[in-house]
Amino acid sequence: ALSTRDRIKAIRDLPMTKQTLELWQGAMKSIGGKFGTSVLTYFVFLKWLLMFNIFSFLVNFGFVTIPLLVYNVTFRGLEILTGVGYFNYTVMYYGSYSNETLVDYNMQLAYFFTIAVYMVLCGISLIYSMSVNFKNNYVLADSASNSAWQLLCTWDFSVTNEKAVKQRRNNLCVQLKESLSETAQQERLTVSEKLKHYGIHFGCWLLSTSLAFGCAVFVIIHYLYLFYVLLQATKIADGSLLEEAKTLLVPFVVSLINLVIPLFYSLFNKFEHYSTHRKQIYALLIRNVFLKMSILSVLCHYWMDKVPAKDPCWESTVGQSLYRLVLFDFLFLMLGSFFGEFLSNVIGTKLIPRMGVPEFDVARNVLELIYSQTLAWYEPYEQYIQHFTSSSSVSVSLTHNCQPPRRSGRAAQMQTIFIFLLFFPFFVGALSIVAYTAWSLTPSEGCGPFRGLNNSFSAVDVWIDDLKNVTGSQWVVEIYNNVILSEIFYFLITLIILVIIYILWQVTNGRKELIRRLRQQIVNVSLF
Amino acid sequence: MGTTASQLSKESLSEYQELTFLTKQEILLAHKRFTELLEKHEKDQIDARVPMGKIITLPELKSNPFKERICRVFSTSEQKDGSLTFEDFLDLLSAFSDSATLEIKSHYAFRIFDFDDDGTLDCADLEKLVNCLTGETNDAKLSSTEMKQLISNILEESDIDKDGTVNLSEFQHVISRSPDFVSSFKIVL
C-alpha cells in the first residue's frame, strides 16, 4: 500500500494526457450551465439522432453504395438546389442504381434487404428507448407535477452562470407561490369564467386545425397548378434553367408554411390560459405535428399516386423533389435561427426593451428536428451534414440570442414525449409509405434497381425461384413459402403477443396493489 | 526512475478509479484544478488542505446556493471548517458525477439539505432550504404564512411515519419518484 504522499506525487508527475472529449462535451456543459437541463434535453436528443443516423449511413454506404460505379455527367450550379442533372446519375438516387448482378452480388436483393433491415432496426431501437423512458419517467415517477418538494429537490446543480442562477431562484419562488395559490384559486373560478376559458380553447383549436387543412389544400392547388398549367403549356426541354427553377416553387412554399404558421400558433398562447406550462407545450406540439403531418401526407399522396403514371423514371423525380424539400427545410431552419432569433434579440434589447429577449423554445426546435428526421427516412442520404451544421448553428444562435425559458419544464418527461412523437406518427408514417412503395408501386421501366419487375418485392420472389434449383437450400424455400407468405403465421404471432401483454398487465396491477398495502403497513408500524 | 514513476502512477490512478465514480481523465483534470488552488509552498505537501474560501471560488461552485454546505459535507477536517484535501475533492466530484448511483446522490443530497447536521430534516431545515433556493430580495421571498403552508404541504407529502421530520429513507423514497433528480444533481469540471 502506498502512502498518500507517494500517490499524489505520482499523479503529479504523470504527463497530462489530452482529454478525449465526448462529442460536444464542452459546448453541452456551457449550455447546461446557462440554460439548465431542460434545454439540454434538446441537445441530448440531437446527439442521439446523430448517432442513429451515422449508424444508418454506415449500413447504407457499406452494402449499397460501395458496389456501385459513378457515372460522369456535366454539372451545373443550379443542380445543387434542384438536384437534377448530375445528381441524377450519382449514387444519391436509387433511380440510377443498376439492376445487374455484379460478380455474385445481386443489387436488387442488396438494396431491398438493406432498407428492410435498417427500418426494422430503427423501429426496434425506437421502441426500446421509448419503453425504457416511459418506465422511468412516467410509471415510476411522481404523479404530482407541481409538487413543491419535487421543485425543491430537483434544483439544477449544473447551472453555473450567475445571472442564470439568480433568475432560476426568482422563477422557483414564483412557481412555489403559484402552486400554493393554485389550490385556493381553483375553487374561486366561477362558472362563467370556466365557460369563457373553454370557449377560447375551442376557438383556438378550431382555428389551428382549419389553418392546417387550409395549408394542405394550398399545397395541393400549387402542385396541380405547377403540373397541369405550367409544365404542359411549355414543353420541358432538357437544359432550360427556368423550367428547373420553377420546380423550386413547391418546396419553397412548403418550407414557408412550416416557418410562418407555427408562429401563429405561438401567438395563440397569448390568449389561451393553461393551468400548467407543460400542457401549453403539449398543445403547441400537437398543433404543429398536425400541420406537418397534413402537409407531408398531401405531398406523399401526390408522389405515390400521380407521378408513376406519367413519368418514365419516377424514382429519380421523387428523389429530386425530396432533395429539394430537404434542402429548403434546412435553409429555412438556418435562416430562421440566425435571423429570426437575432432580429428578435435586437428588437427586444434595443428597440422595444419591454418585449425582452426571446426564450429558447424547446418544443418548436425539437419538432423541427423530428421533421427533418422523417424526411431522412424517405431518402437516407441527405441528413448527415445537415444535422451537424444545423446543430452548431442552433447552439450558436441560442447562446447569443436567447434567454432560458421562464418556467422550468420537466426535462425527463419531455424527453419521453419527444421520442414518442418521433416514433408515432412520424416513423410509422414513413414506414407505411416505404412499405407501400415496395409492395404496390410498379417500378419504372427505365431506371432503378428493380426495373422490369412487377413490384419491388418480386425481387425476393425471383431469388427464391432461383434457389429452388440449388441443392442444399431447400429449407430456405420451405421457410419462405410456408412461413413468410402464409397469413396464419402472422395471426398466431399477434395472438401470442396479445396474450403476453394481458398477463403482464395483470402482473402490474397486482404490484400496484402490493405497493399500496406496504405503504399502509409503514404508516401502521410507525404509529406504535 | 521513469518506469517506477509510471508504475506507481498507474496503480494510484487505478486505485482512485476503483474508489470513485470518476474516469481517468476526470481524476487528472481534478488534480490539475486542485493544485491551482494550492499555495506555492503547499504544492509539495502531502494531505494539503484548501480552505473553504478558496474552494468556493471555483467557477462551478461560485454561483451555487449550496456551496458552503457542500464543502462542509465533504470535508474531513477535525475543525469542521469546510476545508478539503485532494481526496475529499475527489469524493465531491465523484458524488456529483454522471455515473454515481441514485443512492449515493440522494444520500449526499440529504446531508447537504440537513443544515443542522442532526440526521433528519425538520421544519427549521426545510425553512432554510426554501430560503436558500428562493433568493434574498424582498419580493422573491415567501411570507411567513406561505412558508408555513409550504412546509406543511411538504411534510404531508413525504413524511410517511408522521413524526414531523423527514428522515433519510423517506427522502430517498421521494427522490426515487422524481426522474429529474439524477440529471440535475450534477457538477462537471
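Just so you know, these numbers come straight off a predicted model, no measurement behind them.

A. Spatial organisation of the overall build of chain B. When helices and strands are counted, chain B shows 11 helices and 0 strands. Order of helices (α) and strands (β) in chain B, N terminus to C terminus: α-α-α-α-α-α-α-α-α-α-α. The buried share among the 189 residues of chain B stands at 51%. If you take every contact in chain B between residues at least 6 apart in sequence, the share linking residues at least 24 apart comes to 54%. Carbon together with sulfur atoms contributes 52% to the accessible area of chain B, which is approximately 9,000 Å² in total.

B. Spotlight on the overall build of chain A. Looking only at helices and strands, one finds 20 helices and 2 strands in chain A. Across the 528 residues of chain A, 45% fall into the buried class. Across chain A, contacts joining residues at least 24 apart in sequence account for 78% of those joining residues at least 6 apart.

C. The nonpolar core, seen in detail. Counting 70 residues, the largest nonpolar core has Trp149 of chain A together with Phe66, Ile70 and Phe171 of chain B as the members making the most contacts within it. Residue-level mapping places this core at the junction of two domains, with at least three residues from each of domain 1 (10–95) and domain 2 (102–184) of chain B. Setting aside residues no more than four positions away along its own chain, tryptophan 149 of chain A makes contact with Leu121, Leu126, Leu129, Ile154, Glu157, Ser158, Phe171 and Val174 of chain B. Among the nonpolar cores identified, the runner-up in size contains 27 residues, and Val250, Phe268, Leu299 and Trp303 of chain A belong to it.

D. Looking closely at the confidence of the model for chain A. All names here are of chain A. Confidence along chain A averages 68 in pLDDT terms, with 53% of residues attaining 70 or more. The element-level mean pLDDT for chain A is lowest in helix α4 (residues 79–82), coming to 42, with helix α20 (residues 487–526) highest at 89. The low-confidence segment residues 98–103, where pLDDT is below 50, has 13 contacts with residues more than four positions distant or belonging to other chains.

E. Fine view of the UniProt feature "domain: EF-hand" (unreviewed entry) in chain B. Residues given the UniProt feature "domain: EF-hand" (unreviewed entry) here are residues 101–136 and 146–181 of chain B. With 64% helix and 0% strand, the stretch residues 146–181 of chain B has end C-alpha atoms that lie 25 Å from each other.

F. Seen up close, the pattern of salt bridges. Residue and element names in this part refer to chain B. One pass over the full model with this rule turns up 8 salt bridges over all chains. Between glutamate 60 and arginine 33 there is a salt bridge, with its nearest N and O atoms 3.2 Å apart. Linking glutamate 60 in helix α4 (residues 59–62) with arginine 33 in helix α2 (residues 24–37), this pair joins segments that are 27 residues apart in sequence. For the pair formed by glutamate 60 and arginine 33, the shared burial category is buried. Across the pair lysine 54 and glutamate 39 runs a salt bridge, and its minimum N-O distance is 2.9 Å. Of this pair, lysine 54 sits in helix α3 (residues 52–55) while glutamate 39 sits in the loop between α2 and α3; the two residues are 15 residues apart in sequence, bridging distant segments of the chain. Lysine 54 sits in the partly exposed class, given a relative accessible area of 28%. The exposure class assigned to glutamate 39 is partly exposed, which follows from its relative accessible area of 38%.

G. A look at helix α6 (residues 86–95) of chain B. α6 of chain B sits mainly inside the fold: 8 of its 10 residues count as buried. Among all positions in α6 of chain B, only Phe86, Asp88, Phe89, Leu90, Leu92, Leu93, Ser94 and Ala95 of chain B are buried.

H. View of unusual backbone geometry. Residue and element names in this part refer to chain B. Although it is not a glycine, lysine 80 adopts a positive phi angle of roughly 55°. Its place among the elements puts lysine 80 in the loop between α5 (67–74) and α6. For lysine 80, a relative accessible area of 64% puts it in the exposed group. In this structure, aspartate 117 is a non-glycine residue whose phi angle is positive, near 55°. You can see aspartate 117 is positioned in the loop between α7 (102–113) and α8 (123–134).

I. Region of interest: the confidence of the model for chain B. All names here are of chain B. Scored by pLDDT, chain B comes out at a mean of 83, with 91% of its residues at no less than 70. For chain B, per-element mean pLDDT is lowest for helix α1 (residues 2–19), which scores 62, and highest for α7, which scores 91. Predicted confidence for residues 1–8 stays below pLDDT 50, and this span has 2 contacts to residues more than four positions away or in other chains. The ipTM assigned to the predicted complex is 0.84, against a pTM of 0.64.

J. Quick look at the environment of serine 297 of chain A. The residue serine 297 of chain A is located in helix α12 (residues 277–305) in this model. Between the C-alpha atom of serine 297 of chain A and that of alanine 216 of chain A, which follows or precedes it by 81 residues, the distance is 8.7 Å.

K. Structural detail: the side chain of serine 208 of chain A. All names here are of chain A. Locating serine 208 in the fold gives a position in helix α9 (residues 191–233). In this structure serine 208 comes out as buried when scored by relative accessible area, which is 2%. A polar atom in the side chain of serine 208 sits 3.4 Å from the side chain of arginine 287. Apart from the residues within four sequence positions on either side, serine 208 is in contact with Tyr265, Phe268 and Arg287.

L. Structural detail: the packing of helix α18 (residues 458–468) of chain A against helix α19 (residues 474–484) of chain A. Residue and element names in this part refer to chain A. Two numbers describe how α18 lies on α19: the axes approach to 9 Å, and their chain directions differ by 140°. Accordingly, the angle class assigned to the pair α18 and α19 is oblique. Read as a crossing pair, α18 and α19 show a hand that is left-handed. Two secondary-structure elements touch here, α18 through Val460, Asp461, Ile464, Leu467 and Lys468 and α19 through Gln474, Val476, Val477, Tyr480 and Asn481.

M. Region of interest: the packing of aromatic side chains. Enumeration according to the criterion identifies 16 aromatic pairs over all chains in this entry. Ring centres of phenylalanine 157 of chain A and phenylalanine 96 of chain B lie 5.5 Å apart, and the angle between their planes is 45°; on these two criteria the pair is classed as tilted. Of the two residues, phenylalanine 157 of chain A sits in the loop between α7 (148–153) and α8 (162–188) while phenylalanine 96 of chain B sits in the loop between α6 and α7, which places them in two different chains. Side by side, phenylalanine 157 of chain A and phenylalanine 96 of chain B carry an identical accessibility label, which is buried. Classification of phenylalanine 157 of chain A by relative accessible area gives buried; the value is 1%. By way of ring pairs, the aromatic residues Phe157 of chain A together with Phe66, Phe74, Phe96, Tyr108, Phe110, Phe113, Phe171, Phe181 and Phe185 of chain B are connected into one cluster. Just above the ring of tryptophan 205 of chain A sits the side chain of arginine 287 of chain A; from NZ or CZ to the centre is 4.4 Å.

N. The arrangement of the side chain of threonine 165 of chain B in detail. Structurally, the position occupied by threonine 165 of chain B is in the loop between α9 (144–158) and α10 (168–176). Not counting chain neighbours up to four residues away, the residues in contact with threonine 165 of chain B comprise Thr120, Leu121, Asp122, Leu155, Asp159 and Glu170 of chain B.

O. Inspection of the packing of α5 of chain B against α7 of chain B at higher detail. Residues and elements named next belong to chain B. Contact geometry for α5 and α7: axes closest at 9 Å, N-to-C directions at 115°. The handedness of the crossing between α5 and α7 comes out as right-handed. Between α5 and α7, the residues in contact are Arg69, Ile70, Val73 and Phe74 and Tyr108, Arg111 and Ile112, respectively. The residue makeup of the contact of α5 with α7, split by class, is 5 nonpolar, no polar and 2 charged.

P. A nonpolar patch on the surface, seen in detail. All names here are of chain A. Taken together, the side chains of Trp475, Ile479, Ile484, Phe489, Tyr490, Ile493, Ile497, Leu498 and Ile501 make up a nonpolar region of the molecular surface, amounting to roughly 870 Å² of accessible area. At the level of elements, α19 and α20 are the ones that each hand at least two residues to the nonpolar patch. Top element by residues in the nonpolar patch is α20. It accounts for 6 residues. Summarising the element assignment, tyrosine 490 is placed in helix α20.

Thresholds applied
- Residues numbered from 1 in each chain as written.
- Chains lettered and ligands numbered in written order.
- Predicted model: local features only at pLDDT ≥ 70, side-chain atom pairs only at ≥ 80, totals over all residues.
- Heavy atoms only, no water.
- Helix = DSSP H or I, 4+ residues; strand = E, 2+ residues; numbered from the N terminus.
- Buried < 20%, exposed > 50% of the residue type's maximum accessible area, 1.4 Å probe, protein only.
- Contact = heavy atoms within 4.5 Å.
- Areas by Shrake-Rupley, 256 points an atom, 1.4 Å probe, with all protein chains shown as cover.
- Core = buried A, V, L, I, M, F, W, Y, C linked by side-chain atoms within 4.5 Å.
- Domains from an automatic or database assignment.
- pLDDT = per-residue confidence, 0-100.
- UniProt positions renumbered as here; feature names shortened; annotations may be inferred.
- Salt bridge = Lys/Arg side-chain N within 4 Å of Asp/Glu carboxyl O.
- Polar contact = N/O pair within 3.5 Å; in protein donor to acceptor, adjacent residues only side chain to side chain.
- Axes fitted to C-alpha atoms, helices over the stretch in contact; angles between N-to-C directions.
- Parallel < 35°, antiparallel > 145°, perpendicular 65-115°, else oblique.
- Left-handed = near helix turned anticlockwise from the far one by under 90°.
- Phe/Tyr/Trp six-rings, centres within 6.5 Å; stacked < 30°, edge-to-face > 60°.
- Lys NZ or Arg CZ within 6 Å of the ring centre and 35° of its normal.
- Nonpolar A, V, L, I, M, F, W, Y, C, P; charged D, E, K, R; others polar.
- Patch = residues over 30% accessible without salt bridge, like charges linked within 9 Å, V, L, I, M, F, W, Y side chains within 5 Å.

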